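# Observations on the three-dimensional arrangement
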Amino acid sequence: MKFFRVLSGLVLFLFNSYGSFAQSDKVTLSGHIIDDKQTALPYVNVAIYNTADTSFVIGTVSDEEGRFSIEGVGQGNYLLKVSYLSFKVKYQPILVGRLSQYLDVGGIVLTPETNLLEEATITEKRDAVTGGLDKKTFNVSDNASQAGGSVLDAMKNIPGITAGQDGKVQLRGSDKVIVLVDGKQTALTGFGNQSGLDNIPASAIEKIEVINNPSAKYDANGNAGIINIVFKKESQEGLSGKAGMAVGVGALWIKKENYPTIRPQYQATPKLNPSLSLNYRKKKINLFVQADDLYKKSLNKNEFVDRYYDDGTVIKQQTKRNRTTNLITGRAGMDWYANKANTFTVSGFYSREGILDRGDEPFFNQNLDTRLRLWQFLEDEVKTTITAYGNWRHQFAQPGRMLNFNFNYTFHREDEQYYFTNIYPSYTGLDSFILISDEHVGDATLDYVQPLKHGRIEAGGKFRRREIPINMRFIPGLNSPLDSNAGGYAKYNETVSALYLTYVYESNKFEVEAGLRGEYANIRYDVNPNHNTYKSDGYDYLQPFPNLRLTYKLNNRNRISFFFTRRVDRPNEVDIRIFPKYDDAEIIKVGNPSLQPQYVISLEAGYKTSWDKGYLYTAVYHKIIDGTITRIASTTPGSYLIYNVFQNAGRSFNSGVEIVFAQKLNDHVRFDLNLLGYKNVIEAFSVVNLYPTPQLYNAQKQEIYSGNVKLNGYLNLPKGIEAQLTAIYLAPDIIPQGRIGDRFSIDAGLKKSIQKGKGELFVNATDIANTLRIKQEIQGDGFRFVSNDYYETQVFRVGWNYKF
């Protein structure tokens, strides 16, 4: 633990050394400008005038987050003038004394001009890419083509993000993304790898933040970056809220007809999403509550696989999964502004997701004239999540000096029951299994911010305890294909503790953000001693994870940034879960308790230039991944079953260029274009799949050039109608043992403001041409297979929202 003693000493030294800074006769004046809905206002004019003769002293404009800072203000009495287009001018008297180098005037609320409220809604479109090039922010309400859908739907049109049918998103070609909710990890979106995004209503979300190069403040887990989902929350005085209803229908046309002898695909699948959020603020108390119900049917999977074996055998199969989902979410809490220095927040979150899958999986010979087998299944799964959250925020007398303490407890249960009908020409078997998984997670974090004359110091720590006991019981039937000896009990135990220190410096020309996170992780996976293959295993590490950002401001509209980060991807519990999964009866997925973390070093250079009506952002990056985590497919002698097992595949590389170009052509037309090109390389490697029997697999070096193009066009039409058109193209890419084909889709949407700006109607359609499909080609030892998934992607929606 020597590393932590050194890091703790460094933190205390920096805190103590701050008191030795020389005092100054000049003061730095700062503040935060917001509107009456607590939304930050960027680029607001801020000016200081002498009270005695009203002469102008100095001025500035607020940044993208509504914050401003004016250095070099002498002692005296002043008048602060804040002005912004379509808002009333605000005057505020200011006394600048000599006892503090920093003076924070706090939040300044601007009120819209009353004569404009009933005529139009003024919306300021700000750049998605921040000035430091370290974060992109997207308002969900701007995304007309995906309104009424899930968070995953909303992310599909965001530059730099690609979404798959497995409910996961990728940043720059990698799915090693950590998804936060209001800045915190929860079981709802996954504590390891992401999950559940397709079942969070977008109606509950205010904005989505994308951070490709996180600072040391964030968990080191997730090499591709962080996506932060920010829930809606008002804090204006009195009662306010929003109600909405969205309905939709999907799968109006069949992309690919079923193989013979199975049940029909879902068609004309209904979608329904009522939502309500309420907020009541009176003086020091702010109460909030939010509820959503997302009900939908979908053709969740419709995959056709052709398997070819070296002995000449060919097997054709289809996996069709008709899914019904009902997700109920509720969120409630209270903010207590005890005094100017202390704010307390308590909140709770509840989610219940019911999933009912009805599946058919027929297996045929090469000519489709003989059915070898029919595997039917019914999955009845209920996921329940309960989260309790508490926060204490202390603002010291010195502006910007702050202490935050958070505690978060999450309980997440998976209650999963599978029922199988195994139909052969000579017999029919009935099999089933039951899985219960109870996840308990306690998170405690402490964050401290110390402002400096030209920047700040951030420091803090985190402790997490996580355990997941799991019980899997197989109930085999006649001639059962289930491996009943692979069931039983297992328990996942995780302890993570960390300290971090970040120094931020800013001048007229330079910005520096340098951080170091020291993290200790201990993971143990206890396995049923009677398991036929795996034994208890785990790992631990004590590792430094540094980050560095250097930004040079060429001028107000041009800046260059350089990034360096080292991060880790810890295997998630489902990656090491020892139980075989039989939703595909002959391509079986299994975890690996011997799986180790993968470590990633990232280098990036970015450039942003902006002009009155647009901006251009370009980034060049390179990632080095050691211990690449992926699934490896293998067979056993004398069997045509394929087993997909998680493995560490050695070293891989990802290098690329990302371009974001945004332009407002006139008052009616604007667009943004996202281009991503990258090269993926997976070095040669050898692994041994232990399940069900040891099989050696050797892979040659793979490499490919890939990328994607995403174009969003926005139109302001007559009578207050806004339109959006999105086109997405994903180029072919490599995956271990094979490649994935290209994909293309077009989305469109319309929305119109009604009811004097308080209401909104929208209509949209995803994958209008019904062209999106997933094609994969896999090459293993002794076999290869080609799969095409024609799952549901085309959905039409209409909806209404009302603010009050």
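Preceding this paragraph is the structure being described.
Now for a look at the structure at hand.

What counts as what
- Residues numbered from 1 in each chain as written.
- Predicted model: local features only at pLDDT ≥ 70, side-chain atom pairs only at ≥ 80, totals over all residues.
- Heavy atoms only, no water.
- Pairing = 2+ DSSP bridges.
- Helix = DSSP H or I, 4+ residues; strand = E, 2+ residues; numbered from the N terminus.
- Axes fitted to C-alpha atoms, helices over the stretch in contact; angles between N-to-C directions.
- Phe/Tyr/Trp six-rings, centres within 6.5 Å; stacked < 30°, edge-to-face > 60°.
- Buried < 20%, exposed > 50% of the residue type's maximum accessible area, 1.4 Å probe, protein only.
- Contact = heavy atoms within 4.5 Å.
- Patch = residues over 30% accessible without salt bridge, like charges linked within 9 Å, V, L, I, M, F, W, Y side chains within 5 Å.
- Areas by Shrake-Rupley, 256 points an atom, 1.4 Å probe, with all protein chains shown as cover.
- Salt bridge = Lys/Arg side-chain N within 4 Å of Asp/Glu carboxyl O.

## Concerning the sheet that holds strand β27 (residues 587-590)
If you trace the three strands from one edge of the open sheet to the other, you get β27-β31-β30, paired in mixed fashion. Each end of this open sheet is capped by a strand with a single partner; those strands are β27 and β30 (629-635). Averaged over all pairs of adjacent strands, the angle between strand axes in this sheet comes to 30 degrees, irrespective of strand direction. Sheet topology note: the β30/strand β31 (residues 642-648) ladder contains seven bridges and is antiparallel. Of the residues in β31, the one forming a bridge with threonine 635 is isoleucine 642.

## So, the packing of aromatic side chains
Two descriptors summarise a pair of aromatic rings, namely the distance from one centre to the other and the angle between the planes of the rings. Across all of its chains, the model carries 28 aromatic pairs by this definition. Both rings, one in tyrosine 534 and one in tyrosine 691, keep their centres 6.5 Å apart while their planes meet at 20 degrees; by these two values the pair is stacked. Within this pair, whereas tyrosine 534 is found in the loop between β24 (510-527) and β25 (537-555), its partner tyrosine 691 is found in the loop between β34 (685-689) and β35 (695-699), the two being separated by 157 residues in sequence. There is no split in this pair, since tyrosine 534 and tyrosine 691 are both buried.

## Quick look at the environment of isoleucine 229
Here isoleucine 229 lies in strand β13 (residues 225-231). On the accessibility criterion, isoleucine 229 (0% relative accessible area) is buried. With 48 residues separating them along the chain, isoleucine 229 and valine 181 place their C-alpha atoms 4.8 Å apart. Excluding residues within four positions of it along the chain, isoleucine 229 makes contact with Val151, Met155, Val179, Leu180, Val181, Asp182, Leu197, Ile205 and Lys207.

## Considering the sheet that holds strand β4 (residues 67-73)
Each strand in a sheet pairs with its neighbour through backbone hydrogen bonds, running either in the same direction (parallel) or in the opposite one (antiparallel). Spatially, the three strands line up as an open sheet ordered β4-β1-β7, and their pairing is mixed. Of all the strands in the sheet, the pair left with one neighbour each is β4 and β7 (102-110). If you compare each strand with its neighbour and ignore which way they point, the axes differ by 20 degrees on average.

## Some words on the side chain of serine 298
Here serine 298 is to be found in strand β16 (residues 285-309). Once residues lying within four places of it in the same chain are set aside, the contact partners of serine 298 are Tyr266, Thr269, Lys271, Arg321, Asn322, Arg323 and Glu792.

## Examining unusual backbone geometry
Along the chain, tyrosine 691 connects to proline 692 via a cis peptide bond; the corresponding omega equals -5 degrees. Among the secondary structure elements, proline 692 is positioned in the loop between β34 and β35. In this model, alanine 251 sits at a positive phi of 55 degrees, which is unusual for a non-glycine residue. Relative to the helices and strands, alanine 251 resides in the loop between β14 (238-250) and β15 (269-282). Given a relative accessible area of 9%, alanine 251 falls into the buried group. Positive phi values are uncommon outside glycine, yet alanine 268 reaches one of about 50 degrees.

## Regarding the pairing of strand β37 (residues 721-730)
Relative to β37, strand β36 (residues 702-717) runs antiparallel, the two being bridged by ten bridges. If you follow leucine 715 over to β37, its bridge partner there is alanine 723. Counting the residues between successive antiparallel strands, the hairpin from β36 to β37 contains three residues, one of them, lysine 719, with a positive phi of roughly 65 degrees. Bridge count for β37 against strand β40 (residues 743-754) is ten bridges, and the pairing is antiparallel.

## Quick look at a nonpolar patch on the surface
On the surface, a cluster of nonpolar side chains totalling about 920 Å² of accessible area is made up of Leu239, Leu276, Leu278, Tyr280, Leu287, Val289, Met334, Trp336, Phe344, Val346 and Phe804. Listing elements by their share of the nonpolar patch, those giving two or more residues are β15, β16, β17 (314-337) and β18 (342-364). Here the nonpolar patch gets three residues from one element, more than from any other, and that element is β15. For leucine 276, the position within the fold is in strand β15.

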